[in-house]
There are 2 protein chains.
Amino acid sequence: MPASALKEQLTEDAVDMSDLTNSVGFLTRLAQVKTYETFFEDLGEYGLRPGEYSTLLLIGRNPGIRQGVLAQTLRVKPAHMTKLIRAFEDRGHVERTIPDHDRRSVELSLTQAGRDFIEKHRTAFTKHEASLKSSLTEAELVTLKRLLRKYSGFAAEEEN
Amino acid sequence: MPASALKEQLTEDAVDMSDLTNSVGFLTRLAQVKTYETFFEDLGEYGLRPGEYSTLLLIGRNPGIRQGVLAQTLRVKPAHMTKLIRAFEDRGHVERTIPDHDRRSVELSLTQAGRDFIEKHRTAFTKHEASLKSSLTEAELVTLKRLLRKYSGFAAEEEN
DNA sequence: TCAAAACAGTTTCCTAGTAAACAATTTCAT
DNA sequence: ATGAAATTGTTTACTAGGAAACTGTTTTGA
């Protein structure tokens, strides 16, 4: 993106952003946009969206997790989780079980195809997580994550 | 919780999040959600959304800014900016001007009503920015903003 | 015991934001 | 000059995600 991007950049640089360069809200939005762009560059070809990606990983780590707990953990609303799960079900990657001890709830687990899918793309997943961090040093990365957790009130209970 | 508590239920605290607690992507999403929640608590009563808030401020700071430059600065797509601007126009807060020197473009500025609106709610705006930061110390805040800028490739190395 | 309340998930409808095709204007290469 | 290409913004059609009302199930309390 040579000459034209340069011109755009110049125009953009002239904008007075003094309200925004110091706004945590705006900067987290920038970070979010960056994350999405990187995600689609790295993993878009598998037809997986960011929310789906973390949903799948979390079910894999926590077989039998209840759907509502999953939604709460990922900070999405139950209504949206219903849609995510149905899409995974249609693809044959996730299995829904209604347990006898509480027939209101839904317990989730990966199917064999779901586990195969993760395994098949594990390299790309790992590469993606690495590329997300590429612009920071390791020390900066540790600090950024700690501050993001503190800012968002995320109690990082268990150290692993 | 008598006899049937044999099956250990996976509650939120017990969820294995080892893929996510170290994912910058997930943590930026948490920060984004936190920011939105705080925004609606502080400013929701004025019928203003986060994107609208920064749009209005930026036009106020940069009278005559072109619509496309504004979109690029805020990292939203031109198609969406068209809708945001139309909403402001309908409310009588923003004015669109087609300049003679390039009749493809649109130049934006606040109306008197727009300036009055900002002035009227300036206290709430300031209070909101402060409450966004409340969970961090001043030093942590400076570090967080610096790292977010670096992570998201936000050039703006002009100190103000 | 049994109606009322609470809970877990779903459905319906709505908003924020994007992608792609489009129209109008300007620029660029002959 | 002039047709091709690039640009600026808009329209249309779509996806991610949320709010509120709803269904079915479990718990609670008199």
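Residues numbered from 1 in each chain as written. Chains lettered and ligands numbered in written order. Predicted model: local features only at pLDDT ≥ 70, side-chain atom pairs only at ≥ 80, totals over all residues. Heavy atoms only, no water.

## So, the overall build of chain A
So, point 1. Scanning chain A from N- to C-terminus turns up 8 helices and 3 strands.
So, point 2. When the helices and strands of chain A are listed from N to C terminus, the series reads α-α-α-β-α-α-β-β-α-α-α.
So, point 3. The burial tally for chain A puts 46% of its 160 residues in the buried class.
So, point 4. Across chain A, the fraction of contacts at a sequence separation of at least 24, relative to all contacts at a separation of at least 6, is 47%. (Helix = DSSP H or I, 4+ residues; strand = E, 2+ residues; numbered from the N terminus. Buried < 20%, exposed > 50% of the residue type's maximum accessible area, 1.4 Å probe, protein only. Contact = heavy atoms within 4.5 Å.)

## Topic: the side chain of S109 of chain B
So, point 1. By secondary structure assignment, the location of S109 of chain B is in strand β3 (residues 107-110).
So, point 2. Non-local contacts of S109 of chain B, meaning those with residues more than four positions away in its chain, are made with I59, G64, H93, V94 and E95 of chain B.

## What about the sheet that holds β3 of chain B?
Across a sheet, paired strands are connected by hydrogen bonds in the backbone, their directions being either parallel or antiparallel.
All names here are of chain B.
So, point 1. The 3 strands are arranged β1-β3-β2 in an open sheet whose pairing can be described as antiparallel. Each edge of the sheet is formed by a strand with only one pairing partner; in this case those strands are β1 (65-66) and β2 (94-97).
So, point 2. Relative to β3, β1 runs antiparallel, the two being bridged by 2 bridges. Within β3, the position partnered with I65 by the bridge is L108.
So, point 3. Sheet strands in contact with helix α2 (residues 50-61) are β1, β2 and β3, and its direction is about 95 degrees off that of β3. (Pairing = 2+ DSSP bridges. Axes fitted to C-alpha atoms, helices over the stretch in contact; angles between N-to-C directions.)

## Details of unusual backbone geometry
Residue and element names in this part refer to chain A.
So, point 1. Phi at R75 is positive, roughly 60 degrees, even though this residue is not glycine.
So, point 2. Within the secondary structure, R75 is located in the loop between α4 (67-74) and α5 (78-91).
So, point 3. Its relative accessible area of 34% is what places R75 among the partly exposed residues.

## A look at the interface of chain A and chain B
So, point 1. Counting residues at the interface gives 63 residues for chain A and 60 residues for chain B.
So, point 2. Applying the counting criterion to the chain A and chain B interface returns 6 salt bridges.
So, point 3. One salt bridge connects R146 of chain B with E140 of chain A, and the closest N-O pair in it is separated by 3.7 Å.
So, point 4. Here chain A and chain B share 24 residue pairs in polar contact (both at pLDDT 80 or more) between them.
So, point 5. Secondary structure elements with two or more residues in the side of chain A that touches chain B: α1 (3-13), α2 (24-43), α3 (50-61), β1 (65-66), α4, α7 (122-132) and α8 (138-151) of chain A.
So, point 6. In terms of residue count, the dominant contributor to the side of chain A that touches chain B is α2 of chain A (12 residues).
So, point 7. For the side of chain A that touches chain B, the per-class residue count stands at 25 nonpolar, 19 polar and 19 charged. (Salt bridge = Lys/Arg side-chain N within 4 Å of Asp/Glu carboxyl O. Polar contact = N/O pair within 3.5 Å; in protein donor to acceptor, adjacent residues only side chain to side chain. Nonpolar A, V, L, I, M, F, W, Y, C, P; charged D, E, K, R; others polar.)

## Digging into α2 of chain B
For an α-helix the count is 3.6 residues per turn, leaving residues at separations of three or four pointing the same way.
Residue and element names in this part refer to chain B.
So, point 1. Its 12 residues place the ends of α2 17 Å apart at the C-alpha level, agreeing with the 16 Å of an ideal helix rising 1.5 Å per residue.
So, point 2. In terms of burial, α2 is largely enclosed, as 9 of its 12 residues are buried.
So, point 3. Of the residues making up α2, those classed as buried are P50, E52, Y53, S54, T55, L56, L57, L58 and I59. (Expected span 1.5 Å × (residues − 1).)

## A short note on the protein's contact with DNA strand D
So, point 1. DNA strand D sits among 23 residues. The nearest are R49 and H80 of chain A together with Q67, T82 and R96 of chain B.
So, point 2. Backbone sugar and phosphate groups make up 74% of those atoms of DNA strand D lying within 4 Å of the protein.
So, point 3. Between DNA strand D and the protein, one listed contact pairs a phosphate oxygen with a backbone N or O atom of K77 of chain A at 3.1 Å.
So, point 4. Here a phosphate oxygen of DNA strand D and a side-chain polar atom of R86 of chain B are 2.9 Å apart.
So, point 5. Elements supplying a minimum of two residues to the surface near DNA strand D: α5 of chain A together with α3 (67-74) and α4 (78-91) of chain B.
So, point 6. For the surface near DNA strand D, a count of residues per class yields 6 nonpolar, 6 polar and 11 charged. (Near = heavy atom within 4 Å.)

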